[in-house]
Amino acid sequence: SLPVPRQVGGPGLPERILMDSRQSPKGMLTSIFTWAGCSDDKSPIKAFEEIVNDREGANFLGVDGATSLKAEIVARVPKIADASQFREARHLLKGLGGAVALREELTFAGFVDPITDMLTLNEKPLNIFAQLASGTVTQASLVSEQAALGIYAGKYCICANRPDNDRHWDSQDPAWISKASMARRHRFLTTKNLHWQWFNMLIAGLVPASEGGVEARAALAEVEQIKAACLHFAKNVGGWSDQIGLFVNIFGHNNVNSLFIHILDMSELGPGFSFQSFKNCPLDDVLKVLREEAASALVARPIQLSVVQAENKAIRQKSMIAGKVPFFFAGTDGATSVKAELVGRVPLMKDASSYREARRLLTEDLGGYKTLREELIRCGFVDETTGDLTASPNPFNIFAMIAAGKIEQPGMQEEQERLGDFASEFLICCNRPVCDEYWDSEDPEWLGKASMSRRHRFLTTKQTHWQWFNALSFGLVPMNAGGCSIAEALTEVERMKAACLLYASRSKGWSDKVGLFVHVFGHNTVNSLHVHILDMSELGPSYWKQEFKNCPLDAVIKVLKEELIAQDGPQQGLKMATEAAVVAARAASEAAQAIIAQTTSKIRPSKKGSNEVLTLNVGGEMVTVSRDTMALAPAGSLLLELFQADWESPKYEVDDGGNVFLDYPPGAFKLISNQLRMLHLTPRNEVLQPPSVPRELVRDYSDLARLLGLGGLVALGEAQWGRGPIRENLQPRGGGGFCGKRRPRGPPPKGEEAPGGKIASIV
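Residues numbered from 1 in each chain as written. Predicted model: local features only at pLDDT ≥ 70, side-chain atom pairs only at ≥ 80, totals over all residues. Heavy atoms only, no water.

Looking only at helices and strands, the protein chain features 29 helices and 15 strands. Going through the 763 residues of the protein chain one by one, you find that 54% of them count as buried. Summed over all atoms, the accessible surface of the protein chain reaches about 33600 Å², with 52% contributed by carbon and sulfur. (Helix = DSSP H or I, 4+ residues; strand = E, 2+ residues; numbered from the N terminus. Buried < 20%, exposed > 50% of the residue type's maximum accessible area, 1.4 Å probe, protein only. Areas by Shrake-Rupley, 256 points an atom, 1.4 Å probe, with all protein chains shown as cover.)

What follows is the structure, given as C-alpha cells:
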C-alpha cells in the first residue's frame, strides 16, 4: 500500500534497500524510514534500536506481506537469471535463517518428511519430479529417452512436459505462453536422490554434514555431474542440435519443490523462453558461484533450532509416526505457505463465495487458525508469547506500527476526529501523498500501487491481538486461545462499517457512494488490518487493476452471519446476528443521516427559512445566488422545487468542493439568475425591462427558462412588475417608455411583500 515516489526510483521499496540484503537490520531500518520520509524529530529509529538488537541477525522484512521465505526471496530478488542474482539469493537465504529456516518451511508445507528429511511422495502436496524420480509416477513414452542418459541413467531421470504443453511450444496465445514448453525440444532432468538438500540449487552445499548435507566441494562435483548427464542426453537422444541450454529456476521463482533442470534445444525457442527469462538461471552460473564458495572453503554451519522450531519439528515427527498429518497443502505452484496456497486455490477473492471458500480451505484443509498463527510467528509478524502483532520494522508492518503509535502520519489528527465515538477503537490512515497524486494514472508503474480513488483512506483497529490482522481469521480463533466468538466478530465488523461510513459522511468533498473493501489473506500486501474506504464516484485505474481481490466488507458480514446461523441454529443464530447489527445500527444511522445532510446542505433551507447564500456549480462554472431570489420561480416549477423551503427531493450530485452540481448551460443559467435578481430588487410598483440576451445564447436561454418552468417570468420581450418592496425616495428611472415592447400583464402587485420578506442583497 505504500509504493515509493517515482522520483526515488519507481514503485515499491527502492532497489538500494531491497537488493542490498547485506545491510544490518539496523541499517536497513534506517534506509526504510529515510525512504518513508520520516522527519528527524519524528523518526522512530531510536525507539526501535532495542527491538532490532533483540532480533540481531533476523533480516525478514515481510515485503508485500510475505509470510514465507519463498515470497520474501521473490520480492527482494525479483529476477534470478545470472550468477550475481543467484549469489545474492544465497546470501539473502543465509540472512533469513539459512538451511534451518528453509527446511522448516518445507516441512511446514508438507514437502519434507520431518523424520527422514526426504522429499515426500504424497498426493498432497503434489511434488511431481520427486514422484517421477521415485517411480511413484511413470512416463512410459520416455523409456528410450532414459536410455540416452547412458552411465547416468541409474542416478538421474529424464522427464517430459505434458503433451499439450509440448504441442503449444510456439503458441503466441497468452493462455499458453506461461505454461507451454520453452522450445520445440524441451526435457527435464531430475535426481533420484530425494534428500531435501537437492530439492533446489539454492540450498546446494548449504546443509551441514551433521544434517546429512554435503559441503561446497561435494555439491560442486554433484552439479558438474548433473551438467554432464544433461549434455550426454542431448547428444545421444537424436534429433537435437548442438545448441544446448541448461537452466534452473531458483527457489522463490520455482513452481515445483523438487529438482528439475531445463534441457533446451536453443535452435528453436518458443515465446515461453522469453516470457520466463527473468527466472531462467543458466546452470553454468550456478557452477560459477559454487566454484567461488568451494575456493573459499565455505563450510555450512551446524543447524541450531530455536525453541519454537524444535517444538514444531517434534510435533510433526510425532504426527508422522502416528500416521496423522494435521493438514495437507496441495502445493499449488510450489506453494510453501498458507498465503501462497490460498492465492493458488482461490485466485479471485472479491465476493462472499470466494471469501467463504478461503475460510473453508483454512479450517478444513490447511490446519485452521493454528497453522495460520504458526506461519505469522515464523515470519515475525506475531509475538508467540503475547499473541499480539509485532510493531517492529523487521518485518515491516505499517498499519500495526501506526496503531501502536510507532509511526505518526502528519495531518491525520483532524481526520481521526471525524470518527467521533469510534476514535477510541479505530484509526484513519492515509496513503503516501504521491500515491494519492497518481490515483488516476494509467502508467503500468503505478497500476495497483497508486490510490484506488481520488478519495481513498484506510481504517485500521487499535486492537493488537493477531486475530484481527485480517478478515480471514475473524471469529476463527477460539476464546481459550485469546480469540472471540463469531457473534463478537460480527459485531466488531459491523462497527468497522459504521465507523467508515461516519468518517466518509463527515469528510468534505466525499459523495454518498462509499465503497468499503478488504484484501483477504493471501491477496493482501500488509499483514495488519486495513479496510479500504473509497469514494466510488471517482475511481482510478488501480481499482480495476485490483478488482480481483477487492472483497466488499458487506460480503464479510454476510458470511459471518451465515456461520453464526449454522453454528447456533436458525433461531438463535438469527437473533444473535440481529443483535450484532443493532449494536452498530445507531452509529450506522447517524452516518447515513450525516451523508444526507452533507449532500443536501448546500441547497436545503434551515427550519427558520432564512435567506441563504448558495454557491452552485453550473456546468463547470460557479454561480453564487440567494435562495430567496431563486424562490421567485412560479409555483410548480422545477426551479422552485429545487429551492423552496419544504424541499424534499432526492439528493443531488455534488462536486469535489461539496457544491451542488447542476448540469445546465452556464451562460443561460447566469442570465436567468440575473433577471431573477433584478426582479427581486425592483420595487413591485415599478416595471423591469425585458432581459437583454446575446444572439448566440437566445435559444439556450429560452429552452432552459421553459424547462425550469419559468414561463413568462423571464421571457424575452416581456417586461415584468418588480417583486421587491416599495421604497420611498427612490429616484425614478431615466428614459421613457418600453421601446415598443409589451408592458407587463395586469396591475402591479397590491399590498404583498416580495417572497422572502426583506430585499435580498445582490450576490
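Attention shifts here to the side chain of K549. Checked against the element boundaries, K549 lands in the loop between α23 (541–545) and β10 (551–552). A relative accessible area of 9% means that K549 is categorised as buried. In this structure the side chain of K549 is engaged in a polar contact, spanning 3.1 Å, whose partner is the backbone oxygen of H523. If sequence neighbours within four positions are ignored, K549 has contacts with M349, K350, V518, H519, H523 and T525. (Polar contact = N/O pair within 3.5 Å; in protein donor to acceptor, adjacent residues only side chain to side chain. Contact = heavy atoms within 4.5 Å.)

It is worth spelling out the sheet that holds strand β7 (residues 456–461) at this point. One open sheet holds the five strands; their spatial order is β6-β7-β9-β8-β10, and the pairing between them is antiparallel. For this open sheet the edge positions go to β6 (426–429) and β10, each flanked by a neighbour on one side alone. Note: strand β8 (residues 514–518) against β10, two bridges, orientation antiparallel. In the strand pairing of β10, V518 is matched with C551. (Pairing = 2+ DSSP bridges.)

The next point concerns unusual backbone geometry. In terms of backbone geometry, most residues other than glycine have negative phi values and most peptide bonds are trans. Residues K124 and P125 are joined by a peptide bond in cis, for which omega reads -5°. Looking at where P125 falls in the secondary structure, it is placed in the loop between α7 (98–108) and α8 (128–134). Phi is positive for D117, close to 65°, though the residue is something other than glycine. Secondary-structure assignment places D117 in the loop between α7 and α8.

Spatially, five strands are ordered β1-β2-β4-β3-β5 in an open sheet, and the strand pairing comes out antiparallel. Strands at the two margins of the open sheet, each flanked by one partner only, are β1 (156–160) and β5 (281–282). When strand β2 (residues 186–191) meets strand β4 (residues 261–265), the two strands line up antiparallel, connected through four bridges. Residue pairing across strands places L189 opposite I261, the latter belonging to β4.

Below, the discussion takes up the environment of E641. With respect to the secondary-structure elements, E641 resides in helix α27 (residues 638–643). The partly exposed category is assigned to E641, whose relative accessible area is 37%. For the pair E641 and M630, spaced eleven residues apart in sequence, the C-alpha separation works out to 9.9 Å.

Looking now at the packing of helix α12 (residues 216–236) against helix α14 (residues 283–295). The contact between α12 and α14 brings their axes to 9 Å, and the two run at 160°. Judged by the inter-axis angle, α12 sits roughly antiparallel to α14. Crossing angle aside, the handedness with which α12 passes α14 is left-handed. Counting all contacts with α12, which are made through A216, R217, A219, L220, V223, E224, I226 and K227, the residues of α14 involved are L283, D284, L287, L290, R291, E293 and A294. (Axes fitted to C-alpha atoms, helices over the stretch in contact; angles between N-to-C directions. Parallel < 35°, antiparallel > 145°, perpendicular 65-115°, else oblique. Left-handed = near helix turned anticlockwise from the far one by under 90°.)

The next point concerns α7. In terms of burial, α7 is largely enclosed, as eleven of its eleven residues are buried. The set of residues buried in α7 consists of G98, A99, V100, A101, L102, R103, E104, E105, L106, T107 and F108. Positive phi shows up at G110, right after α7, with a value of about 90°.

We now examine the pairing of β2. Taken residue by residue, a regular strand's side chains alternate between the two faces of the sheet. When you tally the buried positions in β2, you get six out of six residues, the bulk of the element. Alternating positions in β2 separate into two faces, H186, F188 and T190 on one and R187, L189 and T191 on the other, with burial throughout. Two elements, β1 and β2, share five bridges in a ladder whose sense is antiparallel. Paired with Y156 across the two strands is T191, which belongs to β2.

A separate point is the packing of helix α28 (residues 666–681) against helix α29 (residues 698–707). The angle between the axes and the distance between the axes are what describe a pair of packed helices. Viewed as axis vectors pointing N to C, α28 and α29 meet at an angle of 65°, and their least axial separation amounts to 9 Å. Judged by the twist between their axes, the crossing of α28 over α29 is right-handed. Taking contact as the criterion, the partners of A668, F669, L671, I672 and Q675 in α28 are, on α29, D700, Y701, L704 and A705. For the contact of α28 with α29, a count of residues per class yields seven nonpolar, one polar and one charged. (Nonpolar A, V, L, I, M, F, W, Y, C, P; charged D, E, K, R; others polar.)

Turning our attention to the packing of aromatic side chains. Scanning all chains against the criterion turns up 17 aromatic pairs. Ring centres of Y543 and W544 lie 4.8 Å apart, and the angle between their planes is 90°; on these two criteria the pair is classed as edge-to-face. The positively charged end of K179 is found above the aromatic ring belonging to W176, 4.8 Å away from the centroid. (Phe/Tyr/Trp six-rings, centres within 6.5 Å; stacked < 30°, edge-to-face > 60°. Lys NZ or Arg CZ within 6 Å of the ring centre and 35° of its normal.)

Time to look at the pattern of salt bridges. For the structure on display, the rule yields 31 salt bridges. One salt bridge connects D164 with R167, and the closest N-O pair in it is separated by 2.0 Å. Taken together, the positions of D164 and R167, both in helix α10 (residues 163–167) and three residues apart, correspond to about one turn of that helix. Among the residues examined, D164 registers a relative accessible area of 36% and is labelled partly exposed. A salt bridge links R359 to E563, with the shortest nitrogen-to-oxygen separation between them at 2.6 Å. Separated by 204 residues along the polypeptide, R359 in helix α17 (residues 352–365) and E563 in helix α24 (residues 553–568) bring together distant segments of the chain. R359 gets classed as buried once you look at its relative accessible area, which sits at 2%. Beyond isolated ion pairs, a larger network of salt bridges with shared partners links R184, R185, D265 and E268. (Salt bridge = Lys/Arg side-chain N within 4 Å of Asp/Glu carboxyl O.)

Bringing the nonpolar core into the picture now. Judged by nonpolar contacts, the single largest core of 66 residues is most densely connected at L372, L419, L459, W466, F474, I533 and V556. When neighbours within four sequence positions are excluded, W466 is seen to be in contact with Y369, L372, R373, L376, V382, G387, D388, L389, S473 and V477. (Core = buried A, V, L, I, M, F, W, Y, C linked by side-chain atoms within 4.5 Å.)

Buried residues dominate helix α18 (residues 368–378), accounting for eight of its eleven residues. Three or more residues of α18 are buried, namely G368, Y369, T371, L372, E374, E375, L376 and I377. Phi turns positive one or two residues past the end of α18, at G380, with a value near 85°.

A large share of β4 lies buried, amounting to five of its five residues. Across the two faces of β4 the burial is the same, with I261, I263 and D265 and H262 and L264 all buried. As defined by bridge partners, strand β3 (residues 244–248) adjoins β4 across four bridges and the pair is classed as antiparallel. Following the sheet pairing, G245 is matched in β4 by L264.

On to the confidence of the model for the protein chain. The share of residues in the protein chain with pLDDT of 70 or more is 75%, and the mean pLDDT across the chain is 80. Note on residues 645–650: pLDDT under 50 across the span, and ten contacts to partners over four residues away in sequence or across chains. Note on residues 735–742: pLDDT under 50 across the span, and ten contacts to partners over four residues away in sequence or across chains. (pLDDT = per-residue confidence, 0-100.)

Let us now look at the environment of P444. Mapped onto the fold, P444 is located in the loop between α21 (433–437) and β7. Note on P444: relative accessible area 66%, which makes it exposed. Linking P444 and P541, residues 97 residues apart in sequence, is a C-alpha distance of 9.8 Å.

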